[in-house]
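# Architecture at a glance
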Amino acid sequence: MREFTFKELADITGGKIVAGSGDAVIDRISTDSREVIKGQLFIPIIGEVHDAHKFIPSAMENGCDAFFISREDMIDSVKDCNAILVDDTLKAMQRLAKFYLHSLNLKKVVVTGSIGKTSTRDMMHAILKEKFVTGCTMKNFNSDVGVPHTIFSFDDTMEAAVLEAGMDQPGDIDRLVEIIRPEIGIITYVGTSHIERLGSRENIFKAKMEVTNYFGKGNTLIINNDNDMLSTLTDDKEYEIVRAGSDEKDSYRVSDVDDFGEQGIEYTLTAGGKAYRVKLSIPGAHNALNSALAIAAGEKMGVSIEEAIRGLSKIELTGRRLNIRERDGIRVIDDTYNASPESMKSAVTTLMHTKAERRIAILGGINELGAMSDEGHYSVGRFVAQQDIDYLYTISEPAEAIWRGFVEGGGDPERAKHFDTKADFFKIMEGLFRDGDVILIKASRGRELEEVVEKIMEG
């Protein structure tokens, strides 16, 4: 991030300098009072639970002397520092992020979707790095606060940026793309994630389409045309729509997918009248289509398909997504970051394509399904029942429907057991696994099944 004077900050945000000098300079931003240091601007965000203005004294103890504030009653507490009074600290942060991002004049792509957005973002980053100095969303910073943080990590050496847009409710993606103004948008999938808040898949579809809210001529939307919601889009838009899928009419067609379980996948990509064999070292057959979306965006941004395939060979995924870990001959597929019924079935498919003496699934609850919770979990159980799985263990109350779907779907009840809590499962875990086992562990992040992963790794 470049330096900003306080006068510039006030002009950009519409704020008023209420302490210190307009010549004071900052070159970094923080919203965490525990990490902020001198030279950084501390921005206290007012959230649903905490008003971070209360952490200003502790930030000052760490040496910080530069602040945005939105409460006039805090002016006296920062009178010996440099401070700008703004109408809303989060909005001021977003205005500054928008100004800074557009000053860098980058090629920009935004990735969103019910599932697959972070993996696709990572693929997009790997592809663009073959040709451009590329910035990318940090960790899982895809929110109102996270996206500005990512933008502030960029510098003037960068030529392109890949940003991820998450959402909890309508309007979330709109706020993010208003800041970013991307040339290209990617929608990976419209599923059931967040249906508890949005009420229907149709509403989820509308919310995802907010990525196009500022599109016009010269913009491109790249979609998964195999998704039943996205395939309804017509080509009569002002912007261009590029389709990736399994149909012969799709501009980027995926076919002949070979799934090698934990070893990755290979598939044929047909585009522009030519066929390419693409090899990915990351597991999951669904990643064939995700990578096709990224390749399509890369080509739009000036990266050839050959260059994109080379970039994909170097990819590293973020977080606990189909991460393979091993101890004493026991392999764990750690996919504990997030879950939906669709992604859980896909992960089970990956497990079934992985070489093993025994294949074991430990599945937890899926959050934010609302009234569809029982139906969604039950469908996963019915799906698992059709696989040649050795053992199924379900953990947490909602996941009982997975167990029930498995048994009622024809699965062997002697090979499945439900546990209401992780503590109950831990009681029977000793001696449960052996050399040659491959264990899939998957649930929504809030279920904290990474604790099960760590218990297995600890032996």
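Residues numbered from 1 in each chain as written. Predicted model: local features only at pLDDT ≥ 70, side-chain atom pairs only at ≥ 80, totals over all residues. Heavy atoms only, no water.

Here the focus is the packing of aromatic side chains. Under the defined criterion, the tally for this structure stands at nine aromatic pairs. Judged by centre distance (6.1 Å) and plane angle (75°), the ring pair of Phe4 and Tyr100 falls under edge-to-face. Taken together, the residues Phe4 in strand 1 (residues 4–5) and Tyr100 in helix 3 (residues 89–104) connect sequence positions 96 residues apart. With a relative accessible area of 0%, Phe4 lands in the buried category. Overall, the relative accessible area of 1% leaves Tyr100 in the buried class. The rings of Tyr391, Tyr393, Phe419, Phe425 and Phe426 are connected pair by pair, giving a single aromatic cluster. One Lys or Arg, Arg2, reaches over the ring of Phe4 and ends 3.9 Å from the middle of that ring. Above the face of the Tyr391 ring, Arg415 is positioned so that its terminal group lies 5.3 Å from the ring centre. (Phe/Tyr/Trp six-rings, centres within 6.5 Å; stacked < 30°, edge-to-face > 60°. Helix = DSSP H or I, 4+ residues; strand = E, 2+ residues; numbered from the N terminus. Buried < 20%, exposed > 50% of the residue type's maximum accessible area, 1.4 Å probe, protein only. Lys NZ or Arg CZ within 6 Å of the ring centre and 35° of its normal.)

Turning our eyes to something else, we now look at the environment of Gly113. By the secondary structure assignment, Gly113 is in the loop between strand 8 (107–112) and helix 4 (117–128). Considering only alpha carbons, one finds Gly113 and Thr188, 75 residues apart in sequence, at a separation of 4.8 Å. In this view, Gly113 contacts Thr188, Tyr189 and Lys208; residues no more than four positions away in its chain are not counted. (Contact = heavy atoms within 4.5 Å.)

Here we come to the sheet that holds strand 19 (residues 358–364). Taking strand neighbours across the sheet as the criterion, the six strands line up as 17-18-22-19-20-21 in an open arrangement whose pairing is mixed. For this open sheet the edge positions go to strand 17 (323–327) and strand 21 (416–419), each flanked by a neighbour on one side alone. Shown here is a sheet whose adjacent strand axes are inclined to one another by a mean of 15°, direction ignored. Pairing analysis gives five bridges linking strand 19 to strand 20 (residues 391–395), with the strands arranged parallel. Across the sheet, residue Ile362 finds its bridge partner in strand 20, namely Tyr393. (Pairing = 2+ DSSP bridges. Axes fitted to C-alpha atoms, helices over the stretch in contact; angles between N-to-C directions.)

Next up on the list: helix 6 (residues 172–180). Side chains of residues three or four places apart in an α-helix project in the same direction, reflecting 3.6 residues per turn. Within the span of helix 6, buried status applies to Asp172, Ile173, Leu176, Val177, Ile179 and Ile180. With its buried residues spanning 150° around the axis, helix 6 presents them on a single face. The inward-facing, buried residues of helix 6 contact helix 3, strand 8, helix 5 (146–152), strand 10 (160–164) and helix 8 (201–208). Looking at the residues trailing helix 6, positive phi occurs at Arg181, about 50°. (Arc of directions from axis to C-beta.)

Moving on, we get to the pairing of strand 14 (residues 252–259). Across two bridges, the pairing between strand 13 (residues 240–245) and strand 14 is parallel. Looking at the pairing, Ala244 lines up with Tyr252 of strand 14. Judged from the six bridges that link them, strand 14 and strand 15 (residues 265–271) form a sheet pairing that is antiparallel. Bridging from a neighbouring strand, Asp258 pairs with Glu266 of strand 15. Where strand 14 folds back on strand 15, the antiparallel hairpin that results is connected by five residues, among which Gly261 adopts a positive phi of roughly 60°.

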